[in-house]
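Understanding the architecture of this molecule
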Amino acid sequence: MWQRTVHGDIVVGREKLALQDETRGFQEGERIAKISVWTLLALGVVEIVFSLVSGSISLLADGIDSLSDAVVSFFVWTGLRIIRRRPSRRFQFGYYKVESFTALITAIILVGVSAYIFLRSYRSLLTPAPILLPLPALVVLLGAGLGSLYRALQMRRIANRYNILSLKVDARNSIKDSSSSFVAFASVLLSTFGIHHADAIGGMLIAVYILTVAYVALRESSLVLLDEFHEPDLSREIEHLIRAHPDVMGIRDLRLRRAGPFVVGILEVEVEGNMKLNEAHEVATELETSVRARITGLRRLVVTPVPVVDPHKHPHEHYAP
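What you see is a predicted model; the values in this text were computed from it and never measured.

Let's shift gears to the overall build of the protein. Along the backbone of the protein there are eight helices and three strands. Listing the helices and strands of the protein from first to last along the sequence gives α-α-α-α-α-α-α-β-β-α-β. In the protein, of all internal contacts separated by at least 6 residues, the share reaching a separation of at least 24 is 77%. Carbon and sulfur atoms provide 63% of the accessible area of the protein, an area that totals close to 17000 Å².

What follows is the structure, given as structure tokens:
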């Protein structure tokens, strides 16, 4: 039931908790991304060194993949630091889209890395050679796979909890990195049994896997930057909450878009034509505050009250779910 006291302690308390949760989410994401940078950098260097000693192309591919993932995590880390800045005169709506922009840069880097690894692996496939010191290579790949998997699960948990797109991309990339290490492990293992082509094939599989992750990241980040929004369930839920208000007689033109990990929206609500200006303002404020308190991730909702009119005399477009 709606009351005129929505600005009381309950709603204010919910908003404070939401802001604290938002800040904590970015801090945790920044922390795990920073750890990821140094972890992947160390793994990549170790893998490349052992690939030069053993001559394994799949180990080299996985090492290059780890280094590229370190760069990816660096972009994510930087983006999460920037996104926490307060709005400025130049960026008056904040820096939330930096998070989507870093995800886009990440995807472009992954496309280049995939092409390079595939080319090197193809050349190795044409002239296969036995792997030297396969046992150390297997140990390194197994350790890299397990380490990447553990880090990926931690990162995905934080990304899903706080709905951070760039961290979700990094988490998927980390899962891919773990899978790549296990693919490389199987390739080196098969090479020890005399199937020398397996090493190069493993490198090519890693390249294709990287490309699929890059495609998903490119698609999602590009759509967010272009303000694409297609979440019918969320739209219907917001509409239901708006219509539940006793003074709302209809809804016009509900529009939603994503700004980084958040959703922002605008809409018009129909109210009685004889309603006073201060009463209409109070209704709009109640709706904005209460819907934001109930919808997780809704960063801003601008509600404009308009007088109800006869649809036959003044046709207009209503929001259709």
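Moving on: the environment of Asp 170. Relative to the assigned elements, Asp 170 resides in helix α5 (residues 165-191). Residues contacting Asp 170, with those up to four places away along its chain left out, are Ser 36, Val 72, Ser 73, Val 76 and Met 155.

Turning next to helix α7 (residues 232-243). Two residues of an α-helix separated by three or four positions point the same way, owing to the 3.6 residues in each turn. Relative to the 16 Å expected for 12 residues at 1.5 Å per residue, α7 spans 16 Å between its end C-alpha atoms, a close match to the ideal helical length. Looking only at α7, the buried set comprises Leu 234, Ser 235, Ile 238, Glu 239, Leu 241 and Ile 242. For α7, the buried positions fall inside an angular range of 160° around the axis, keeping them on one side. In this structure, α7 carries Asp 233 and His 240 as exposed residues pointing more than 90 degrees from its buried face.

Counting residues in each nonpolar core, the largest one holds 40 residues, and the members touching the most others are Leu 80, Ile 117 and Leu 167. Elements supplying a minimum of two residues to this core: α1 (9-54), α2 (57-83), α3 (98-126), α4 (134-162), α5 and α6 (197-225). Examining the composition of this core, we find that 10 residues originate from one element, α2, more than from any other. When residues no more than four places from it in sequence are discounted, the contact partners of Leu 80 are Phe 26, Gly 29, Glu 30, Ile 164, Ser 166 and Leu 167. The next biggest cluster of nonpolar side chains, apart from the first, holds 23 residues, and it includes Ile 242, Leu 256, Val 269 and Val 303.

The next thing to look at is a nonpolar patch on the surface. Together, Trp 38, Leu 41, Val 45, Val 46, Val 49, Phe 50, Val 53, Leu 132 and Leu 133 give the surface a local cluster of nonpolar side chains, amounting to about 820 Å² of exposed area. Among the structural elements, Trp 38 can be located in helix α1. Given a relative accessible area of 57%, Trp 38 falls into the exposed group.

Bringing the sheet that holds strand β2 (residues 262-271) into the picture now. Taken in spatial order, the three strands make up an open sheet running β1-β2-β3, and their pairing is mixed. Strand pairing shows two members of the sheet lacking a second neighbour, β1 (250-259) and β3 (298-307), which therefore form its edges. The average angle at which neighbouring strand axes cross in this sheet is 10°, direction not considered. With eight bridges joining them, β1 and β2 adopt antiparallel strand pairing. Counted as the bridge partner of Ala 259 is Phe 262 from β2. Sitting on the sheet, α7 is in contact with β1, β2 and β3, with an inclination near 135° to β1. The sheet contacts of helix α8 (residues 277-294) involve β2 and β3, and relative to β3 the element is tilted by about 155°.

Any residue range with low pLDDT should be treated as having predicted coordinates unsuitable for detailed reading. Residues at a pLDDT of 70 or more form 88% of the protein, whose mean pLDDT is 81. In the model, residues 1-20 has pLDDT below 50 throughout and makes 26 contacts with residues more than four positions away in sequence or in other chains. Under a pLDDT of 50 for its full length, residues 317-321 has, in the predicted model, 13 contacts with residues more than four places off or in other chains.

In this section: the packing of α2 against α3. Two numbers describe how α2 lies on α3: the axes approach to 9 Å, and their chain directions differ by 170°. Viewed along their axes, α2 and α3 adopt a mutual orientation that is roughly antiparallel. Taken together, the residues that form the contact of α2 with α3 break down as 16 nonpolar, six polar and four charged.

What follows is about the packing of aromatic side chains. On inspection of all chains with the given rule, the structure shows two aromatic pairs. For the ring pair Phe 74 and Trp 77, a centre distance of 6.0 Å and an interplane angle of 75° mean the geometry is edge-to-face. Remark: Trp 77 and Phe 74 occur in helix α2; sequence separation between them is three residues, near one turn of the helix. A residue is classified by how much of its surface remains accessible, and Phe 74, at 41% relative accessible area, is partly exposed. A residue is classified by how much of its surface remains accessible, and Trp 77, at 18% relative accessible area, is buried.

Enumeration according to the criterion identifies 10 salt bridges in this entry. Close ionic contact of Arg 257 with Asp 227 constitutes a salt bridge, the shortest N to O distance being 3.7 Å. Taken together, the residues span a long stretch of sequence, with Arg 257 in strand β1 and Asp 227 in the loop between α6 and α7 at a distance of 30 residues. Exposure remark for Arg 257: the relative accessible area of 29% places this residue in the partly exposed category. Sharing partners across several salt bridges, the network here consists of Lys 97, Asp 227 and Arg 257.

Rules used throughout
- Residues numbered from 1 in each chain as written.
- Predicted model: local features only at pLDDT ≥ 70, side-chain atom pairs only at ≥ 80, totals over all residues.
- Heavy atoms only, no water.
- Helix = DSSP H or I, 4+ residues; strand = E, 2+ residues; numbered from the N terminus.
- Contact = heavy atoms within 4.5 Å.
- Areas by Shrake-Rupley, 256 points an atom, 1.4 Å probe, with all protein chains shown as cover.
- Expected span 1.5 Å × (residues − 1).
- Buried < 20%, exposed > 50% of the residue type's maximum accessible area, 1.4 Å probe, protein only.
- Arc of directions from axis to C-beta.
- Core = buried A, V, L, I, M, F, W, Y, C linked by side-chain atoms within 4.5 Å.
- Patch = residues over 30% accessible without salt bridge, like charges linked within 9 Å, V, L, I, M, F, W, Y side chains within 5 Å.
- Salt bridge = Lys/Arg side-chain N within 4 Å of Asp/Glu carboxyl O.
- Pairing = 2+ DSSP bridges.
- Axes fitted to C-alpha atoms, helices over the stretch in contact; angles between N-to-C directions.
- pLDDT = per-residue confidence, 0-100.
- Parallel < 35°, antiparallel > 145°, perpendicular 65-115°, else oblique.
- Nonpolar A, V, L, I, M, F, W, Y, C, P; charged D, E, K, R; others polar.
- Phe/Tyr/Trp six-rings, centres within 6.5 Å; stacked < 30°, edge-to-face > 60°.

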